[in-house]
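Architecture at a glance
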Amino acid sequence: MKRNEKTTSVAVNVIIALMGVAALALVIYSMVTDKVTPYLAMSLGLSGFANIFGCIYRNRRREDEDGSCENRSVS
């Protein structure tokens, strides 16, 4: 693995982890303060965005490593 790819991979994983921690903190904050409307919606949106971003990144990375992204088969 090239150094650039490794740095990018670490950066993306750190960003995804930070979004997950922020989403969890917002859920806990909404439970503690009993204010469901703003904080719970923000945490659900943030965790959904982090999951979608992570899935797209990992699928593209897997396609690049497998070499066959046309028919989604592993060569």
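Residues numbered from 1 in each chain as written. Predicted model: local features only at pLDDT ≥ 70, side-chain atom pairs only at ≥ 80, totals over all residues. Heavy atoms only, no water.

1. Re the overall build of the protein
Going by this rule: Under the scheme used here, helices are H or I runs from DSSP no shorter than 4 residues and strands are E runs no shorter than 2 residues, and both carry numbers assigned from the N terminus. Exposure categories follow from relative accessible area, calculated using a 1.4 Å probe and restricted to protein chains: below 20% of the type maximum is buried, above 50% is exposed, and the middle band is partly exposed. Throughout, a residue-residue contact means that at least one pair of heavy atoms, one from each residue, lies within 4.5 Å. Accessible areas in this description were obtained via Shrake-Rupley with a 1.4 Å probe; residue shielding takes into account the shown protein chains only.
If you tally the helices and strands in the protein, you get two helices and zero strands. Per-residue burial over the protein gives 15% buried out of 75 residues. Looking at the protein alone, contacts between residues at least 24 apart form 53% of all its contacts between residues at least 6 apart. If you sum the accessible surface of the protein, you get close to 6,000 Å²; carbon and sulfur atoms cover 62% of it.

2. A word on the packing of aromatic side chains
Going by this rule: Paired rings are identified among Phe, Tyr and Trp, the last through its six-membered ring, by centres lying within 6.5 Å, and are further divided according to the angle between planes into stacked (under 30 degrees), edge-to-face (over 60) and tilted (the rest).
Scanning the model with the defined rule gives one aromatic pair in all. Pairing F49 with F53 gives two aromatic rings, centres 6.2 Å apart and planes at 15°, and the pair type is stacked. Of this pair, F49 and F53 are both found in helix α2 (residues 36–66), four residues apart, which corresponds to roughly one turn of the helix. Overall, the relative accessible area of 31% leaves F53 in the partly exposed class.

3. Details of the environment of F53
Here the alpha-carbon distance between F53 and I16, two residues 37 residues apart in the chain, equals 7.8 Å. Ignoring anything within four residues of it in the chain, the contact list for F53 reads V12, I16 and M19.

4. What to know about the side chain of S9
For S9, the position within the fold is in helix α1 (residues 3–33). Overall, S9 belongs to the buried group, its relative accessible area being 8%. Each residue touching S9, except ones within four places of it in the same chain, is listed here: Y57 and R61.

5. Structural notes on the side chain of S43
Put simply, the rule reads: Any pair of nitrogen or oxygen atoms within 3.5 Å is treated as a polar contact; in protein, a donor-acceptor pairing is required on top of that, and neighbouring residues in sequence qualify only through side-chain atoms on both sides.
Locating S43 in the fold gives a position in helix α2. According to the relative accessible area criterion, S43 is buried, its value standing at 1%. A polar contact is formed between the side chain of S43 and the backbone oxygen of L40, at a distance of 2.8 Å. What S43 contacts, discounting residues up to four positions off in sequence, is A23, L26 and V27.

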